[in-house]
Amino acid sequence: MRSGFRGMSRRLLVTGGAGYIGAHLVIDLLGAGYDVVVVDDFSTGHPEALVRAQRLANRRCDVHRGDVADPALMARALDGVDAVIHLAAYKMVGESMEQPERYFRNNLGGMASLVASMVSAGVCRMVYSSSAAVYGTQPNPLEAIDEDAPLRPESPYGLSKAQGEQVLDWMVQRRHWSAVSLRYFNPVGAHPSGQIGQPPAGAANLLPRALHALMNPGTASARLSILGTDFPTPDGTGLRDYIHVCDLSRAHLAALDALDRPGHQIFNVGTGRPHSVREVVAACQRVTGQPVPHLEAPRRPGDVVCALAAPHRIQRALGFEARLGVDEMVASAWKWAAQNPDGYGRVT
Ligand SMILES: NC(=O)c1ccc[n+]([C@@H]2O[C@H](COP(=O)([O-])OP(=O)(O)OC[C@H]3O[C@@H](n4cnc5c(N)ncnc54)[C@H](O)[C@@H]3O)[C@@H](O)[C@H]2O)c1
């Protein structure tokens, strides 16, 4: 049993607990002895993810199906809760450029409504899922970004995350809340059981697309497109800071301990190690023993050359450090993809 979140009854509400990151987190929270309540509207998450998470943890959680912006539902879900971990949001940067109003309504509107429900329920602690997307393009994009960098979101999604943090600034200042914002870099990988992972339908990022290409070698439309090979990087492809979803989940448990302190603490969650697109493709080939069918294509407008976390603040303040490397990210995602080629829809 963990010592964290001291002096409280340890009942947590996880919004978005049926999603990719949320389901991993629910396993860890249940395993650490927390009582867990989940609110999820299953807009992108899956009930089956929660069924499996509870089975893997060998413990139950309370599940409320619905929108975090529904005050009546939230009044029920927040009953007896000590802190909220707020993951529920839409997360596709490209989609947010096409449909900004959906992102403002769900991400910003959801946050505003959740905060009001928490005030009504007397709950004043939150761990918030923020994103590296709040940083946008920095003056020296090849340098690691620390938390004091100016926020320059370049999409409605990034703006919604930055404004969620600002909502927390005000709740801390005016209502004396304790809050922790975690700015995730690039979460990838899957649970070591192979039972929980990122469903291919929701995946816009490199690793799931590379594995999809690997699993469908004869399908031209499944080939991986390497978007941009003329970036000013050693191999010409973009650099990202990938973090294993299991490491990311652990960062939330560390963040819960930080809720003992008043104020709004903001942390990057990454490894501090950059990997290029070609390096990830090479890792996929190394781990699976198969070549990744791919083609090279021009850059997408808006893609940044590099997004690399300076991970030192969370190391110093919370003692959190990512442990898992790229091969473990690929191997776990490959196991999940091979066992669940259609995500949670069809189980082989
Ligand atoms: N996965 C990433 O690459 C990444 C990177 C940075 C930040 N984040 C943030 O992490 C959080 C979780 O991301 P994820 O990858 O698990 O995404 P996901 O889409 O798998 O999970 C989001 C969950 O929230 C639920 N949800 C969405 N809107 C809701 C609402 N209004 N009410 C109730 N439930 C709702 C969905 O059904 C889903 O289960 C999000 O806030 C996202 O912005 C994700």
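What you see is a predicted model, and the numbers here were worked out from it, not measured in a lab.

### Some points on the site of the ligand
- The local shell around the ligand holds 27 residues, among which Asp40, Thr44, Leu87, Tyr157 and Lys161 are the closest.
- Here a nitrogen atom of the ligand sits 3.1 Å away from a polar atom, N or O, in the main chain of Val68.
- Here Tyr157 contributes a side-chain N or O atom positioned 2.6 Å from an oxygen atom of the ligand.
- When the ligand is considered free in solution it has 820 Å² of accessible area, and contact with the protein chains removes 95% of it.
- Elements that contribute at least two residues to the shell around the ligand include exactly helix H1 (20-31), strand S5 (125-131) and helix H6 (156-175).

### Some points on the pairing of strand S2 (residues 35-40)
- Summarising burial for S2: 5 of the 6 residues are buried, a large majority.
- One ladder, built from 5 bridges, connects strand S1 (residues 11-15) with S2; its direction is parallel. Residue pairing for S2: Val14 is matched across the bridge by Val38.
- Assessed by its sense of winding, the connection that carries the chain from S1 through H1 to S2 is right-handed.
- Pairing of S2 with strand S3 (residues 62-65), which is carried by 4 bridges, proceeds in the parallel orientation. When the bridges of S3 are listed, Val39 appears paired with His64.
- Handedness of the β-α-β unit built from S2, helix H2 (residues 47-57) and S3 comes out right-handed.

### Let's talk about unusual backbone geometry
- Despite not being glycine, Phe42 shows a phi value in the positive range, around 60°.
- Its location among the elements puts Phe42 in the loop between S2 and H2.
- Judged by relative accessible area, which is 15%, Phe42 ranks as buried.
- Phi at His176 is positive, roughly 60°, even though this residue is not glycine.
- Position of His176 relative to the elements: it lies in the loop between H6 and strand S6 (178-184).
- Residue class for His176 comes out exposed when judged on its relative accessible area of 63%.

Criteria and cut-off values
- Residues numbered from 1 in each chain as written.
- Predicted model: local features only at pLDDT ≥ 70, side-chain atom pairs only at ≥ 80, totals over all residues.
- Heavy atoms only, no water.
- Near = heavy atom within 4 Å.
- Polar contact = N/O pair within 3.5 Å; in protein donor to acceptor, adjacent residues only side chain to side chain.
- Areas by Shrake-Rupley, 256 points an atom, 1.4 Å probe, with all protein chains shown as cover.
- Helix = DSSP H or I, 4+ residues; strand = E, 2+ residues; numbered from the N terminus.
- Buried < 20%, exposed > 50% of the residue type's maximum accessible area, 1.4 Å probe, protein only.
- Pairing = 2+ DSSP bridges.
- Right-handed = clockwise from strand over helix to strand, strands pointing away.

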